[in-house]
Amino acid sequence: MSPAARLRALTPDWIADPKVWRTEILAGLVVALALIPEAISFSIIAGVDPAVGLFASFTMAVTIAVVGGRRAMISAATGAVALVIAPLQREHGLGHLVAAVILAGVFQVVLGALGVAKLMRFIPRPVMTGFVNSLAILIFMAQVPEMTDVPWPVYPLIIGGLALMVLFPRITTAVPAPLVSIVILTVITVAAALAVPTVGDKGELPSALPVPGLPDVPFTVETLTTIAPYAFAVALVGLMESLMTAKLVDDITDTPSNKTRESVGQGIANIVTGFFGGMGGCAMIGQTMINVKVSGARTRLSTFLAGAFLMVLCVVFGPVVSDIPMAALVAVMVMVSFATFDWHSVAPRTLRRLPAGEIAVMVITVGCVVATHNLAIGVVVGSLTAMAVFARRVAHLAEVTAVTDPDGTTVVYRVTGALFFASSNDLVGRFDYAGDPGRVVIDLSAAHIWDASSVAALDAIEAKYARRGKTVEITGLNAPSAHLHERLTGEPAGH
């Protein structure tokens, strides 16, 4: 194959499609506009200058567009990372925060290389649904402060923005409705000289590009021990939110993504962000939904342009961007929250069909996220609840039935179901040790041994019969169960 043919083979099909370029460019612009107030707000949470959050959003988006594993997903400064890193900033200053971001990136690269992304398959569907719904609730709740104790013109502006986003797509979808809404509301606000909160009220925008450099900290073991716990927490929270968001985008776009590459990519993006003095970040589901679901973006170009436009808007068009009314961006985020929420999951018809345990898992996930404002905590608690529900359900499937031979010398116990810690705990009490004849057969042909607890339970049963001078024969073990039983028998009971 010639070099030219090889280049054509590696070039994505959308490169030559003007419609895709238009969609991606406009989507990137809308996301960039929505990122500015968010990044400033997260900077305030972390206790740093607004420029630190804006620089982080720029470097995260541009870097992840190249090294990430999920196309069209937006990564930037986030509230979850800000909450984790804020105590370090308060106690030790910006230098330690930046060093922690770099170390968090290293942790993420290592965890990604070790295959942490494979753990995503253990996230149950009700937890994923709860994650999505709680995220929609958090997005809406984040807009509430912008709608309270504000001048009255804010409310008609928000209503007008929502109406534009609902009605404009009926006219044309060539231009994203959120962009149209932002432009029109800004023109109205400036032309009418409305005294309403604007983007400029959130904080001063940077006037120059970030410059790379090393964090201003002593490179000692003491510094490492100080930042390591915060860095590891940032790494875990960032990976969990990013991988969950990537899975959500997979479902929305019906396309797969490389979660391992995304994990490593998040680490690389945080390392780059740290060296440029940013506060770190991860995938942003709100802005990702604007990009993917509202604007229809599907490629890395929109992600790259979101970061690039962010800096251009701040550095070149700072005065214009500062005049954008917050009401316009609030309307966009409210629309995103309604579009993100899985309304089917709470429909009466759906709730009537779902098992009570799955409904409980979804509700607990939502409750934990909303109460803590931490998506990672909600996902962990929801997953643990789902495991407990599953264990309880499967434990009830283990049954024991006894049949005594006509001659009365042998009794056969047939055990069915999965034997693990939850079901095997009750197994010992299902046998008649005193009344059974001298020979006992335990038929496990319809069962499967999963753990050491089950082997220990079988050992305990044999021991109870042996003390009464009776023999036990275990039959019907499948190959994996026989191997586990042979390897562990006699060991668990001895501790």
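The structure under discussion appears in the preceding block.
Structural notes, computed from the coordinates. All of these numbers come straight from a predicted model, not from anything done at the bench.

**Regarding the overall build of the chain**
Logical step 1: Each helix and strand in the chain was counted, giving 20 helices and six strands.
Logical step 2: Taken over the C-alpha atoms alone, the chain extends approximately 100 × 60 × 60 Å along its principal axes.
Logical step 3: Going through the 495 residues of the chain one by one, you find that 51% of them count as buried.
Logical step 4: Of all intrachain contacts in the chain linking residues separated by at least 6 positions in sequence, the fraction that spans at least 24 positions is 84%.
Logical step 5: Put simply, the chain shows about 22400 Å² of open surface, and 66% of that area lies on carbon and sulfur atoms.
Logical step 6: The distance from the centre of the 31 positive side-chain charges to the centre of the 33 negative ones in the chain is 8 Å.

**Describing the packing of aromatic side chains**
Logical step 1: Tallying each qualifying case throughout the model produces nine aromatic pairs.
Logical step 2: Ring centres 6.3 Å apart and planes at 35° place the aromatic pair Phe-431 and Tyr-433 in the tilted group.
Logical step 3: On the accessibility criterion, Phe-431 (7% relative accessible area) is buried.
Logical step 4: On the basis of relative accessibility, which here comes to 10%, the residue Tyr-433 falls in the buried class.
Logical step 5: With 4.8 Å between their ring centres and 55° between their planes, Tyr-433 and Tyr-465 make a pair best called tilted. Of this pair, Tyr-433 sits in the loop between helix 18 (421-424) and strand 5 (439-449) while Tyr-465 sits in helix 19 (residues 452-466); the two residues are 32 residues apart in sequence, bridging distant segments of the chain.

**Some remarks on the pattern of salt bridges**
Logical step 1: Taken as a whole and judged by the stated rule, the model has seven salt bridges.
Logical step 2: Across the pair Arg-430 and Glu-399 runs a salt bridge, and its minimum N-O distance is 3.6 Å. With a gap of 31 residues between them, Arg-430 in the loop between helix 18 and strand 5 and Glu-399 in strand 3 (residues 399-404) connect regions that are remote in the sequence.
Logical step 3: Glu-399 sits in the partly exposed class, given a relative accessible area of 39%.
Logical step 4: Ionic pairing is found between Glu-473 and Arg-439, a salt bridge with its closest N-O pair at 2.6 Å. You can see Glu-473 sitting in strand 6 (residues 471-475) and its partner Arg-439 sitting in strand 5, a full 34 residues away along the chain.
Logical step 5: Residue classification places Arg-439 among the partly exposed positions, given a relative accessible area of 36%.

**As for the packing of helix 2 (residues 18-46) against helix 4 (residues 79-92)**
Logical step 1: Where helix 2 meets helix 4, the axes come as close as 7 Å, and the angle between the chain directions of the two elements is 30°. Taken together, the axes of helix 2 and helix 4 are roughly parallel relative to one another. Where helix 2 approaches helix 4, its residues Phe-42, Ile-45 and Ala-46 are matched on the opposing element by Gly-79, Ala-82, Leu-83, Ile-85, Ala-86 and Gln-89.
Logical step 2: Considered class by class, the residues forming the contact of helix 2 with helix 4 number seven nonpolar, two polar and no charged.

Each value, and the rule that gives it
- Residues numbered from 1 in each chain as written.
- Predicted model: local features only at pLDDT ≥ 70, side-chain atom pairs only at ≥ 80, totals over all residues.
- Heavy atoms only, no water.
- Helix = DSSP H or I, 4+ residues; strand = E, 2+ residues; numbered from the N terminus.
- Buried < 20%, exposed > 50% of the residue type's maximum accessible area, 1.4 Å probe, protein only.
- Contact = heavy atoms within 4.5 Å.
- Areas by Shrake-Rupley, 256 points an atom, 1.4 Å probe, with all protein chains shown as cover.
- Lys, Arg positive; Asp, Glu negative; His and termini not counted.
- Charge placed at Lys NZ, Arg CZ, Asp CG, Glu CD.
- Phe/Tyr/Trp six-rings, centres within 6.5 Å; stacked < 30°, edge-to-face > 60°.
- Salt bridge = Lys/Arg side-chain N within 4 Å of Asp/Glu carboxyl O.
- Axes fitted to C-alpha atoms, helices over the stretch in contact; angles between N-to-C directions.
- Parallel < 35°, antiparallel > 145°, perpendicular 65-115°, else oblique.
- Nonpolar A, V, L, I, M, F, W, Y, C, P; charged D, E, K, R; others polar.

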